[in-house]
Amino acid sequence: MEFRDLRRQYAVIKPEIDNAIADVISSTHFIMGTEVQELEQDLAEYVGVKECISCANGTDALQLALMVWNVGPGDAVFVPDFTFFSSGEVVAAVGATPIFVNVYHDTFNISAENLEECIEDIVNNTALNPKVIIAVDLFGLPADYEKIRAVAKKYDLKILEDGAQGFGGAIGTKKACSFGDISTTSFFPAKPLGCYGDGGAVFTDNNDWADLLRSYRVHGKGKTKYDNVRIGMNSRLDTMQAAILKAKLPRFVNRELVDVQEVADWYDENLVGGGIKLPVRPDGFKSSFAQYTIRFDTLEIRERVKRVCLEKKIPIAVYYSKPMHLQTAFEDVRQIQQKMFDTESVCNTVLSLPFHPYMERGEVLEVCRVIKENV
Ligand SMILES: *Cc1c(COP(=O)(O)O)cnc(C)c1O
């Protein structure tokens, strides 16, 4: 059993993928070939936004957005305390200060109530300038954008949706990566829509920001690549990765997103009760299930289940074992916040289970049996 079985996926889509790769090699347009623009159009259309700007990875996508908004020293950016490191790393990378916000323990996403408390704290007790809220669609579930939008309006902040894990999710008819003023995603192989290397994309309805993003991703180019009007990055999506993603997208939309709901239902049905907290999907919310993450009552139970799973060769993972505010790299910024963090109890009790659209029911049942026997 694999945690995320990319081999099984390849076995199914091999002809399309192999053709796509061969086409790029014979064209020799390895950088910014036609597939890149075609993919951007496909993605923008699927997500339902005007502009998609692909780039080298999901971390750069976030950083490019902050660069477009001129976020830098003296600015405060609000980031969930429970997320992958990148969400906060990019804030510090542009010289701004990440402020860590508690998450809801059932959806794992940023708490709008604590967000407002954190903003008040920064406004009243520091000289920092609140600028941006980074909301993460953790494990595939969109954050609560209705609540977050209300807070953003009240304090005149921009929303950056980190949809690295959320691509393919939705709230009602609105798709993930359309909820931010700018939204981003990652095509890292294990993400819901993964390529065969690194890749990322930025989404927005704002044409001016889109133009800036296209400039920043190629060395701050002006009219040509050798006319450089601002300091940018080298962050393009390879043509090869674009061709692979273009080949993968139809099946992702039509089959894989449907199949993951079924796998999630199998897990739900067979794990329910017995002190296991299942991943919550609020009414109207659709998760793309980057992870299927459960919670136990205590650290001891989680550690016991984790140990037994590993003994029985069931691949599991703890996402994430450390809150952002306790990361060594953020030692200097954590002094700024005089507040109660309550994320450690989440870190201590979560467990992510093997999960992908090609999982079979028998495999799910085996994982569930081992877990239930050891709770
Ligand atoms: C994976 C991930 C990123 C970064 O994406 P890369 O393509 O690996 O740079 C950012 N944010 C979150 C929440 C992620 O899970």
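Residues numbered from 1 in each chain as written. Predicted model: local features only at pLDDT ≥ 70, side-chain atom pairs only at ≥ 80, totals over all residues. Heavy atoms only, no water.

**Student:** I'd like a description of a nonpolar patch on the surface, backed by residues and values.
**Tutor:** Nonpolar side chains collect at one region of the surface, where Ile25, Phe30, Ile31 and Met32 lie side by side and expose about 350 Å² of accessible area between them. Position of Ile31 relative to the elements: it lies in the loop between α1 (6–27) and α2 (34–47). (Patch = residues over 30% accessible without salt bridge, like charges linked within 9 Å, V, L, I, M, F, W, Y side chains within 5 Å. Areas by Shrake-Rupley, 256 points an atom, 1.4 Å probe, with all protein chains shown as cover. Salt bridge = Lys/Arg side-chain N within 4 Å of Asp/Glu carboxyl O. Helix = DSSP H or I, 4+ residues; strand = E, 2+ residues; numbered from the N terminus.)

**Student:** Residue-level account of unusual backbone geometry, with values.
**Tutor:** With omega at 0°, the peptide bond leading from Tyr319 into Tyr320 counts as cis. Mapped onto the elements, Tyr320 comes out in the loop between α9 (299–311) and α10 (344–349). The phi dihedral of His219 falls on the positive side, at around 55°, and the residue is not glycine. With respect to the helices and strands, the residue His219 is situated in the loop between α7 (207–216) and α8 (239–271). Even without glycine at this site, Lys313 takes up a positive phi of about 60°. Take Lys313: it is sitting in the loop between α9 and α10.

**Student:** So what about the site of the ligand? Which residues, and what values?
**Tutor:** The environment of the ligand is formed by 14 residues, the closest being Gly58, Thr59, Gln165, Ser186 and Lys191. Contact distances for the ligand include 2.7 Å between an oxygen atom and a backbone N or O atom of Gly58. One of the side-chain nitrogen or oxygen atoms of Asp162 is found 2.7 Å away from a nitrogen atom of the ligand. Within the complex, 93% of the 380 Å² of free accessible area of the ligand lies under protein. Across the shell around the ligand, the residue classes break down as three nonpolar, nine polar and two charged. (Near = heavy atom within 4 Å. Polar contact = N/O pair within 3.5 Å; in protein donor to acceptor, adjacent residues only side chain to side chain. Nonpolar A, V, L, I, M, F, W, Y, C, P; charged D, E, K, R; others polar.)

**Student:** Describe the packing of helix α3 (residues 58–68) against helix α4 (residues 86–93), and please don't skip the residues or the numbers.
**Tutor:** The geometry of α3 relative to α4 is characterised by a closest axis approach of 9 Å and an angle of 40° between their N-to-C directions. Between α3 and α4, the angle falls in the class oblique. Here α3 runs over α4; the crossing is right-handed. The segment α3 lies against α4, with Thr59, Leu62, Gln63 and Leu66 engaging Ser86, Ser87, Glu89, Val90, Val91 and Ala93. Its residues assigned to classes, the contact of α3 with α4 shows five nonpolar, four polar and one charged. (Axes fitted to C-alpha atoms, helices over the stretch in contact; angles between N-to-C directions. Parallel < 35°, antiparallel > 145°, perpendicular 65-115°, else oblique. Left-handed = near helix turned anticlockwise from the far one by under 90°. Contact = heavy atoms within 4.5 Å.)

**Student:** Please provide a residue-by-residue account of the pattern of salt bridges, values included.
**Tutor:** Counting across every chain of the model gives 21 salt bridges. Between Glu40 and Arg217 there is a salt bridge; the shortest N-O distance is 2.9 Å. With Glu40 in helix α2 and Arg217 in the loop between α7 and α8, this pair connects stretches of sequence that are 177 residues apart. The exposure classification of Glu40 matches that of Arg217, with both residues buried. In this structure, the salt-bridge partner of Glu373 is Arg369, at a minimum N-O distance of 3.4 Å. One end of the pair is Glu373 and the other is Arg369, both in helix α11 (residues 361–374) and four residues apart, which spans about a single turn. Residue classification places Glu373 among the exposed positions, given a relative accessible area of 52%. Classification of Arg369 by relative accessible area gives partly exposed; the value is 43%. (Buried < 20%, exposed > 50% of the residue type's maximum accessible area, 1.4 Å probe, protein only.)

**Student:** Explain the sheet that holds strand β8 (residues 182–186) to me, using residue names and the numbers behind them.
**Tutor:** Overall, mixed pairing links the seven strands, which are arranged β1-β9-β8-β5-β4-β2-β3 in an open sheet. Two strands in the sheet have a free side with no partner beyond their single neighbour: β1 (51–55) and β3 (97–101). With strand direction ignored, the average angle separating the axes of adjacent strands in the sheet is 25°. Judged from the five bridges that link them, β8 and strand β9 (residues 200–204) form a sheet pairing that is antiparallel. Paired with Thr185 across the two strands is Ala201, which belongs to β9. Its contacts with the sheet put α4 on β2 (75–80), β3, β4 (129–136) and β5 (158–162), and the angle it makes with β2 is roughly 170°. Seen against the sheet, α7 touches β1, β5, β8 and β9 and runs at an angle of roughly 15° to β1. (Pairing = 2+ DSSP bridges.)

**Student:** Can you break down the packing of aromatic side chains residue by residue, with the values?
**Tutor:** In total, this model carries 22 aromatic pairs according to the counting rule given. Aromatic side chains Phe139 and Tyr320 sit 6.3 Å apart centroid to centroid with 15° between the ring planes, which places their arrangement in the stacked category. Of this pair, Phe139 sits in the loop between β4 and α6 (145–155) while Tyr320 sits in the loop between α9 and α10, placing them 181 residues apart in sequence. Here the aromatic cluster, defined as three or more aromatic residues joined through ring pairs, consists of Phe3, Phe82, Phe84, Phe108, Phe139, Tyr319 and Tyr320. In this structure, Lys191 packs its charged tip against the face of Phe84, placed 5.7 Å from the ring centre. It is Arg230 that lies over the ring of Tyr216; its NZ or CZ is 5.6 Å from the centre. (Phe/Tyr/Trp six-rings, centres within 6.5 Å; stacked < 30°, edge-to-face > 60°. Lys NZ or Arg CZ within 6 Å of the ring centre and 35° of its normal.)

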